[in-house]
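# Structure assessment
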Amino acid sequence: MWSGVHWLDASLIGVLGLLIGSFLNVVIHRLPKMMERQWAAECAELSGKEAPQVDKFNLMVPRSRCPHCGHEIAWYENVPVISYIALRGSCSKCKKPISVRYPFVETVTGGLFFFCAWQWGASPAGIAWCVFSACLVTLALIDWDTTLLPDDITLPLLWLGLVVAALQWTPVGLSTALWGAVAGYLSLWSIYWLFKLVTGKEGMGYGDFKLFAALGAWFGWPVLIPMILMASVIGAIVGIAMKFTSGLREGGYIPFGPFLAGAGFTALILGPQTLRSLVNL
């Protein structure tokens, strides 16, 4: 039975998750654009051309603005969830609608942080799983929007999984985590090359390999098979549904990262043993 102090800790960390979720919205929107600017500058340098002059743009600058009218969002208009409700889902100046994704990301992140604190308390393990959750939310939505899984997130997530295992903050031993990372990467890498040799097409990106390696580091190699089965089945169902509703983007593909992330969230919430039992492994 949890005491009032434990519930208070979980609630406070859940509120922190709401705030972190607000920042994740910024990362999801800006990080791909930052990557594109960096690639453009590198291409210009390699071709001997002068890099284009652009305004400073990172996760902190410039301040958030309405995408329709450019209105600078004040701090009291950026309070997670509450501001969205108070503004009735629209810009305070131009009254154009604000995407429901913003409060969705904040609510999901807050809920995941609350769950991690409820499960592991305000401990190093609980904080580590909060970081894991924030990274997966960010990666899933960036990949859905752009088909990119940034190394800036996947690689630190992979290394953090190995560090957490080495510090014994989770039941996954370092050896199990290490081989989980190796098996996660090599399994999708092998499928990628087999598919490419047979069809001449690329079925997934290298970011998927790194994300699956990170999941292997956090949960260990025994959970990789049920996770990949779950991600593949759900991805196939969503893909078929989008095909029949004409929701597929140009080229007829959907990113795989969000479904890997979904399998990771399932393992987090249900536990690795439960996930294995669902597929009788």
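Coordinates for the structure precede this section.
Residues numbered from 1 in each chain as written. Predicted model: local features only at pLDDT ≥ 70, side-chain atom pairs only at ≥ 80, totals over all residues. Heavy atoms only, no water.

## Description of helix 6 (residues 174–199)
With 26 residues, helix 6 extends 37 Å between its outermost C-alpha atoms, agreeing within 8% with the 38 Å of an ideal straight helix rising 1.5 Å per residue. Buried residues along helix 6 sit against helix 5 (151–166), helix 7 (206–219), helix 8 (224–244) and helix 9 (257–270). One or two positions beyond helix 6, positive phi appears at Gly200, with a value near 80 degrees. (Helix = DSSP H or I, 4+ residues; strand = E, 2+ residues; numbered from the N terminus. Expected span 1.5 Å × (residues − 1). Contact = heavy atoms within 4.5 Å.)

## Re the packing of aromatic side chains
According to the stated counting rule, one finds 15 aromatic pairs in the structure shown. Aromatic pair Tyr192 and Tyr206: ring centres 5.5 Å apart, planes at 70 degrees, arrangement edge-to-face. Here Tyr192 is found in helix 6, whereas its partner Tyr206 is found in helix 7, with 14 residues between them in sequence. (Phe/Tyr/Trp six-rings, centres within 6.5 Å; stacked < 30°, edge-to-face > 60°.)

## A closer look at the nonpolar core
Ranked by internal contacts, the top residues of the largest apolar core, which has 62 residues, are Phe132, Leu157, Phe219, Met227, Leu260 and Leu268. For this core, the secondary-structure elements that each account for two or more residues are helix 1 (4–46), helix 3 (101–120), helix 4 (124–146), helix 5, helix 6, helix 7, helix 8 and helix 9. Here this core gets 12 residues from one element, more than from any other, and that element is helix 4. When residues no more than four places from it in sequence are discounted, the contact partners of Leu260 are Leu188, Asp208, Leu211, Phe212, Leu215, Ile228 and Ala231. (Core = buried A, V, L, I, M, F, W, Y, C linked by side-chain atoms within 4.5 Å. Buried < 20%, exposed > 50% of the residue type's maximum accessible area, 1.4 Å probe, protein only.)

## Section: the packing of helix 5 against helix 7
Contact geometry of helix 5 with helix 7 gives a least axis separation of 8 Å together with a crossing angle of 20 degrees. With respect to helix 7, the element helix 5 is oriented roughly parallel. Here helix 5 and helix 7 pass one another in a crossing that is left-handed. Residues Asp151, Thr154, Leu155, Leu157, Leu158, Leu160, Gly161, Leu162 and Val164 of helix 5 form the contact with helix 7, whose participating residues are Gly207, Lys210, Leu211, Ala213, Ala214, Ala217 and Trp218. Of the residues in the contact of helix 5 with helix 7, the class split is 11 nonpolar, 3 polar and 2 charged. (Axes fitted to C-alpha atoms, helices over the stretch in contact; angles between N-to-C directions. Parallel < 35°, antiparallel > 145°, perpendicular 65-115°, else oblique. Left-handed = near helix turned anticlockwise from the far one by under 90°. Nonpolar A, V, L, I, M, F, W, Y, C, P; charged D, E, K, R; others polar.)

## With respect to the pattern of salt bridges
By the definition in use, this model includes 5 salt bridges. Measuring nitrogen to oxygen at the nearest pair gives 3.4 Å for the salt bridge that ties Arg63 to Glu72. Overall, the relative accessible area of 46% leaves Arg63 in the partly exposed class. Exposure remark for Glu72: the relative accessible area of 33% places this residue in the partly exposed category. Here Glu202 makes a salt bridge to Lys196, at a shortest N to O gap of 3.4 Å. Overall, Glu202 belongs to the exposed group, its relative accessible area being 52%. Because the salt bridges share partners, they merge into one network encompassing Arg63, Arg65 and Glu72. (Salt bridge = Lys/Arg side-chain N within 4 Å of Asp/Glu carboxyl O.)

## Some remarks on the layout of surface pockets
Here the largest pocket defines a volume of roughly 1100 Å³. Taken together, 41 residues form the lining of the largest pocket, with Val26, Ser64, Arg65, Ile73 and Tyr102 sitting closest to its centre. At the level of elements, helix 1, helix 2 (82–86), helix 3 and helix 4 are the ones that each hand at least two residues to the lining of the largest pocket. With 11 residues, the single largest contributor to the lining of the largest pocket is helix 1. Here the residues of the lining of the largest pocket sort into 22 nonpolar, 10 polar and 9 charged. Reported here for the second largest pocket is a volume of approximately 680 Å³. Taken together, 24 residues form the lining of the second largest pocket, with Glu202, Gly203, Met204, Ile254 and Phe256 sitting closest to its centre. Mapped by element, the contributors of at least two residues to the lining of the second largest pocket are helix 6, helix 7 and helix 8. Grouping the amino acids of the lining of the second largest pocket by side-chain chemistry returns 13 nonpolar, 6 polar and 5 charged. (1 Å grid on protein atoms, 1.4 Å probe; cavity = no way out; pocket = protein on both sides within 12 Å on 5 of 7 lines; lining within 4 Å. Points joined across faces, edges and corners; volume = space filled by probe spheres on them.)

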